[in-house]
Amino acid sequence: MINSPSSQKSVNVTAESILASARAAKGRGLPPVHKWNPPFCGDLDMRIARDGTWFYLGTPIGRPELVRLFSTILRKDGDSYFLVTPVEKVGITVEDAPFLAVDFDVSEEDGQQVLTFLTNVADRAVAGPDHPIRVSRDPDTGEPSPYVLIRDRLEALIDRKSFYRLVDIGETAPHEGQDWFGIRSSGQFFPIIPADQLTGADA
């Protein structure tokens with residue numbers, strides 16, 4: 001589902017002005033966008049495609065450092081996505097999830113498997129209670145769409161090669177009264193599909 005901007009108000013700022021404000025507010029870590037309450041300035045012609053590509057005025061943003069900077073000021077309010085700085089807030093379109101999980105590492109901590117995901121904008125998230133994995137399925141085709149929470153309501157779609165790797169290390173465990181096939185990380189089990197539907201399923 002495409003998450004389009006929530007308003008048709010004409011934007012009176014540009015990507016360049018947003019970047020300037022973001023650079024001015026940049027600290028050592030992620031900006032505290034959740035604390036900022038600037039005025040809404042309209043919808044920007046910016047789109048994040050399902051494959052994680054960022055577009056501005058219909059053209060892909062080719063500089064990774066700019067995409068990374070934009071990603072640090074992204075916020076989700078309700079079902080809509082915004083770029084937020086201390087002085088302005090603009091709506092953008094997100095086709096699916098704002099980030100793409102392009103790889104993950106498997107490690108062990110205190111005898112438990114730990115999965116650490118890397119996104120296309122260089123965020124890292126350790127799957128567990130604070131960063132859950134979920135899988136939705138297309139009601140018509142049954143095709144899975146796996147996600148991991150990266151930060152504050154912002155998810156990453158797990159890319160296909162990484163999902164295949166997850167399936168390879170999956171296990172069957174009880175979940176809500178029945179056996180499910182799923183993934184375990186940081187002591188938590190994340191269900192993917194009921195075990196009785198696994199045979200022949202298109203993962």
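Here is what the cut-offs are and how they apply
Every chain's residues receive numbers from 1 upward, in the order its sequence appears when written. Only residues with pLDDT of 70 or above have their local features reported here, since the model is predicted, and side-chain atom pairs are shown and tallied only from 80 upward, although totals for entire chains, interfaces and linings are computed over all residues. Only hydrogens and water are set aside; all other atoms, that is, all heavy atoms of the structure, feed into the side-chain values. Secondary structure follows DSSP: runs of H or I at least 4 residues long count as helices, runs of E at least 2 residues long count as strands, and numbering of each begins at the N terminus. Contacts are residue-level and defined by heavy atoms, with any inter-residue pair within 4.5 Å sufficient. Note: two strands are recorded as paired if DSSP finds a minimum of 2 bridges between them. Side-chain atoms within 4.5 Å are what join buried Ala, Val, Leu, Ile, Met, Phe, Trp, Tyr and Cys residues into a set we call a nonpolar core. Here's how the labels work: a residue is buried when its accessible area is under 20% of the maximum for its type, exposed when over 50%, partly exposed in between, all with a 1.4 Å probe on protein chains only.

Student: What am I meant to see in the environment of V148 here?
Tutor: Locating V148 in the fold gives a position in strand β11 (residues 144-151). C-alpha of V148 to C-alpha of P132: the two residues are 16 residues apart in sequence and 5.7 Å apart in space. Setting aside chain neighbours within four positions, we find V148 in contact with A101, F117, H131, P132, I133, E155, A156 and I158.

Student: Help me out: how do you make sense of the pairing of strand β7 (residues 99-109) in this one?
Tutor: Each regular strand carries side chains that alternate between the two faces of the sheet. Looking at chain direction, β7 and strand β12 (residues 154-158) are connected through three bridges and run parallel. Paired with A101 across the two strands is I158, which belongs to β12. Looking at chain direction, β7 and strand β8 (residues 112-119) are connected through eight bridges and run antiparallel. Across the sheet, F104 pairs through a bridge with F117, a residue of β8. Counting the residues between successive antiparallel strands, the hairpin from β7 to β8 contains two residues, one of them, D110, with a positive phi of roughly 55°.

Student: Mind showing me how you'd approach the nonpolar core here?
Tutor: Generally speaking, a soluble globular protein has its nonpolar side chains buried in company with each other. In terms of nonpolar packing, the biggest core is built from 49 residues, with M46, W54, F70, L83, I92 and F117 touching the most fellow members. Once residues within four sequence positions are removed from consideration, F70 is found in contact with A15, I18, L19, M46, W54, I61 and L83.

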